[in-house]
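# A structural walkthrough
Residues per chain are reported as follows:
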Amino acid sequence: MAEPAAEVPPGTFPGFVAEGTLLVRRGEHDKALPCFTNALLLRPGDKQCLVARSKCYLKLGDTENSLKDAEASLQNDKTFSKGLYQKAETLYTMGDFEFALVFYHRGYRLRPELQKFRLGIQKCQEAIVNCIGSPSSVKLENNEDICFLSRQAEGRKAQQKLQIKLTKDQKRTSKQERVRNPQTERQLLGELYADKAFLEKLLKDEDLMRSTTKQGIQVKDLVLGGITYLNTRTEFWQQQKPIYARVRERKLMKQRWIRDKKRKPDEVARYIVKSMEDIDMLLAGGSPEESLKKAEHVLKTIQGWSDEEVPNKNELIGNLHNCMGNAQMEMGHTDAALQSHQTDLELARQNNLPDAISRALDNIGRVYARIGKFQQAIDTWEEKIPMAKSSLEKTWLFHEIGQCYLELNQAEEARSYGQKSLQSADEEGDVEWQLSASVLVAQAQVKLKDYQAAIINFEKALEKAKLLHNDDAQQAIIIALNDVSKSFIEDLKEAEREVTSASPKDDDYSSENTEESSRRSAEREGSAGSELSVETRSNERQEDEEEEAEKDDEEPEKDEEEAEEDKEEAEEDDEGNEGGDEDSESEKEETGTGESEDDAAEQRAAAPEE
């Protein structure tokens, strides 16, 4: 009892069945047979697996084992439809048309909805009629002591005697078979007709026919056995599918071909819809190569159909060119994509299809933008603007045109289209496009050096990015804000430097103070008898002027009464000495440090007294 368990190969029952099924689909029945055998070792008596192995045996010509497996599948369940059909098929192949007919009828009664049982009944009836003739030509006697099974047994015995007789007199049979019509045999045997002709040619070689093999078998017997087998198969095929049936079948096939050629409208519609769905799914699934192949195949198929079969043929062809262009764009073949979309545009204009024209212009603009031809993209998209049907479509269109203008360093146009895009996005209420349009406007304002407005738009875009929880957009906008802020601060500093360098010179009050300062300096020089040179006096006057200019910036207006008092004190100081020069220098230093006007006046007043 331990030996069968040891012979079980490694593996699982589902694995062996799956492997065998795959090999059967490939037509490798000899390789599939061991798989089903191994599966049955793991699960003996499985009726599904028995039927599968029976089919393999039948395909390999082993009808006995095929019949055994078919009967084994029915052992526990007599109503197993697959087992009934497989047994009927095996009996039919063996030539037992009557028994095969019985099991076809049993299966049909159990499963009348299955077409294969009905076809089996039909072909069995035709084979029986071909063998014994029509029922009207046969007279049956009803003997009570003879049952159906006895008649079948007698029939089998008669058939066995006939086979023995043919075996003993093969030579005579072969001579009779030569009388057959060669054309009929050629049609029945097909490729095997050349083999039969070769064997018949070998019979003429007497020396070869007298020779024997290593096993002691005469070559003549082997050749006659092969010819007999081919004659038997010829009779079987004549019964299964006679010549008149083959002629009728060819006529039916021709009619079916003509009928298939003229497709029905619903079939055409289903094919087109299914094909377009497959093309879109392949492209969306990341397989542009397969999508392109599918579109090209469908295009070739539809071009072979008539306009009656496909009423909207030109529109469909344009749509397929559009799909091909999209796939080529994904593959990076921009030249081919541009050609496909231009073909789509030409077909749309020829057939006056506004939607198709708008679609083609959209795609052509995308291709131009991808390859860097921004002006061509702008021209194409501007032609599409009147065809836009929704605010969202306008939003995208304006944004792309503005982006192209930005790439061409035409900031004014970029800002204009960016504002149009933002307005359309506000009308649509689309936050994502509001974000994109705000960023575009801000970028254009940066190029125009309108930093304050750019900061405002970047801040608006940052708020939209936070609403969308778009972290990448937030980081990019924050970096852009920092750069714009730095540029804005540098611009402000530059403006301040320009204002500072441009000091006021036309102020009346400044001129009066300058004249007064010059007059006081001249009086001090005259009274003290200073020996300053002309150059020193000119420097002193220049420093006084600077002092008065600074005082004008800090205090625009000066008390006139204090000025009069300074003037009287200066006139009373008649005596001068060299200390006046020193005081004058100290006065200039203190004035340069930016001290208040009162301190400077007191120092000038105290200088002559010393």
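Residues numbered from 1 in each chain as written. Predicted model: local features only at pLDDT ≥ 70, side-chain atom pairs only at ≥ 80, totals over all residues. Heavy atoms only, no water.

As annotated in an unreviewed UniProt entry, the protein chain is Outer dynein arm-docking complex subunit 4 from Crypturellus undulatus. Recorded under Subcellular location (unreviewed entry), the UniProt text for the protein chain is reproduced unchanged: "Cytoplasm, Cytoskeleton, Cilium axoneme". (UniProt positions renumbered as here; feature names shortened; annotations may be inferred.)

### A look at the overall build of the protein chain
Helix and strand counts for the protein chain come out as 31 helices and zero strands. Looking at the protein chain as a whole, 33% of its 610 residues qualify as buried. The long-range fraction of contacts in the protein chain, counting pairs at least 24 apart against all pairs at least 6 apart in sequence, stands at 54%. Surface summary for the protein chain: the accessible area is close to 38,600 Å², and the carbon and sulfur share equals 49%. (Helix = DSSP H or I, 4+ residues; strand = E, 2+ residues; numbered from the N terminus. Buried < 20%, exposed > 50% of the residue type's maximum accessible area, 1.4 Å probe, protein only. Contact = heavy atoms within 4.5 Å. Areas by Shrake-Rupley, 256 points an atom, 1.4 Å probe, with all protein chains shown as cover.)

### With respect to the side chain of D69
Within the secondary structure, D69 sits in helix 5 (residues 63-73). A relative accessible area of 6% places D69 in the buried class. Non-local contacts of D69, meaning those with residues more than four positions away in its chain, are made with L50, R53, S54 and Y57.

### A look at the UniProt feature "coiled-coil region" (unreviewed entry) in the protein chain
Per the UniProt annotation, the sites labelled "coiled-coil region" (unreviewed entry) are residues 441-468. From the first C-alpha to the last, residues 441-468 spans 19 Å; its make-up is 89% helix and 0% strand.

### What about unusual backbone geometry?
Positive phi, close to 60°, is recorded for K449, a residue that is not glycine. The topology assignment puts K449 in the loop between helix 24 (431-447) and helix 25 (451-468). Of note in this structure, H469 is not a glycine but carries a positive phi near 55°. As for its placement among the helices and strands, H469 is situated in the loop between helix 25 and helix 26 (471-501).

### A look at the packing of helix 5 against helix 6 (residues 81-94)
Orientation of helix 5 relative to helix 6, taken along the N-to-C sense of each, is 155°, at an axis distance of 8 Å. It follows that helix 5 is roughly antiparallel to helix 6 by the angle criterion. Along this stretch, helix 5 crosses helix 6, giving a crossing that reads as left-handed. Touching T63, S66, L67, A70, E71 and S73 of helix 5 are G83, Q86, K87, T90, L91, T93 and M94, all from helix 6. (Axes fitted to C-alpha atoms, helices over the stretch in contact; angles between N-to-C directions. Parallel < 35°, antiparallel > 145°, perpendicular 65-115°, else oblique. Left-handed = near helix turned anticlockwise from the far one by under 90°.)

### With respect to the UniProt feature "repeat: TPR" (unreviewed entry) in the protein chain
Summarizing the sequence annotation, UniProt attributes the feature "repeat: TPR" (unreviewed entry) to residues 13-46 and 358-391 in the numbering used throughout. Structurally, residues 13-46 is divided into 82% helix and 0% strand, and its ends, taken at the C-alpha atoms, are 10 Å apart. End-to-end, the C-alpha atoms of residues 358-391 are 15 Å apart, and along that stretch the chain is 74% helix and 0% strand.

### Thoughts on the pattern of salt bridges
Taken as a whole and judged by the stated rule, the model has 16 salt bridges. Ionic pairing is found between D344 and R359, a salt bridge with its closest N-O pair at 2.8 Å. In this pair, D344 sits in helix 19 (residues 334-350) while R359 sits in helix 20 (residues 354-370), placing the two residues 15 residues apart along the sequence. Take D344: its relative accessible area is 1%, and that puts it in the buried class. One salt bridge connects D355 with K389, and the closest N-O pair in it is separated by 2.7 Å. A residue pair is termed long-range when its members are at least 10 positions apart, and D355 in helix 20 and K389 in the loop between helix 21 (374-384) and helix 22 (391-407) qualify at 34 residues. Among the charged side chains, a salt-bridge network with shared partners connects E206, D207 and R210. (Salt bridge = Lys/Arg side-chain N within 4 Å of Asp/Glu carboxyl O.)

### Points about the packing of aromatic side chains
Taken as a whole, this structure holds seven aromatic pairs when the rule is applied. Ring geometry for W381 and W396: centres 5.5 Å apart, planes at 80°, overall edge-to-face. Placement of W381 in helix 21 and of W396 in helix 22 is noted, with a sequence separation of 15 residues between them. By relative accessible area, which is 1% here, W381 ends up buried. For W396, a relative accessible area of 14% gives the class buried. Among the aromatic residues, ring-to-ring pairing joins Y85, Y104 and F117 into one connected group. Sitting over the ring of Y417, K420 keeps its end group 4.7 Å from the ring centre. (Phe/Tyr/Trp six-rings, centres within 6.5 Å; stacked < 30°, edge-to-face > 60°. Lys NZ or Arg CZ within 6 Å of the ring centre and 35° of its normal.)

### So, the nonpolar core
Grouped together as the largest cluster of nonpolar side chains are 28 residues, with contacts concentrated most on L345, W381, I401 and Y405. With near-sequence residues (within four places) excluded, W381 lies in contact with L361, D362, G365, R366, A369, W396, L397, E400, I401 and C404. Counting 20 residues, the second-largest nonpolar core is a separate cluster that includes L67, A88, A100 and A127. (Core = buried A, V, L, I, M, F, W, Y, C linked by side-chain atoms within 4.5 Å.)

### Observations regarding the side chain of Q86
Secondary-structure assignment places Q86 in helix 6. Aside from chain neighbours lying at most four places away, what touches Q86 is V51, S54, K55, L58, S66 and A70.

### What about helix 3 (residues 29-42)?
Here helix 3 contains 14 residues, and its C-alpha end-to-end distance of 20 Å stays within 8% of the 20 Å for a straight helix at 1.5 Å per residue. Where helix 3 is buried, its residues meet helix 2 (13-26) and helix 4 (47-59). (Expected span 1.5 Å × (residues − 1).)

### Some details on the environment of G95
Mapping G95 onto the fold places it in the loop between helix 6 and helix 7 (97-110). The exposure class of G95 is partly exposed, given its relative accessible area of 23%.

### Comments concerning the environment of Q375
Looking at where Q375 falls in the secondary structure, it is placed in helix 21. Accessibility expressed as a relative area gives 34% for Q375, which makes it partly exposed. Taking the C-alpha atoms as reference, Q375 lies 7.4 Å from C404; in sequence the two are 29 residues apart.

### Overview of the packing of helix 18 (residues 313-331) against helix 19
In contact at an axis separation of 8 Å, helix 18 and helix 19 are set at 160° when each is read in the N-to-C sense. Relative to helix 19, the element helix 18 lies roughly antiparallel. Between helix 18 and helix 19 lies a crossing of left-handed hand. Residues N314, I317, G318, N319, H321, N322, M324, G325, N326, Q328 and M329 of helix 18 touch helix 19, and the partners they reach there are T334, A336, A337, S340, H341, T343, D344 and L347. Residues belonging to the contact of helix 18 with helix 19 are distributed by class as follows: six nonpolar, twelve polar and one charged. (Nonpolar A, V, L, I, M, F, W, Y, C, P; charged D, E, K, R; others polar.)

### Side note on the confidence of the model for the protein chain
Mean pLDDT over the protein chain stands at 75; residues scoring 70 or higher make up 66%. Note that residues 1-6 has pLDDT below 50 and, in this model, zero contacts with residues that lie over four places away or in other chains. Low pLDDT, under 50, characterises residues 574-597; the predicted model gives this stretch 28 contacts beyond four residues in sequence or across chains. (pLDDT = per-residue confidence, 0-100.)

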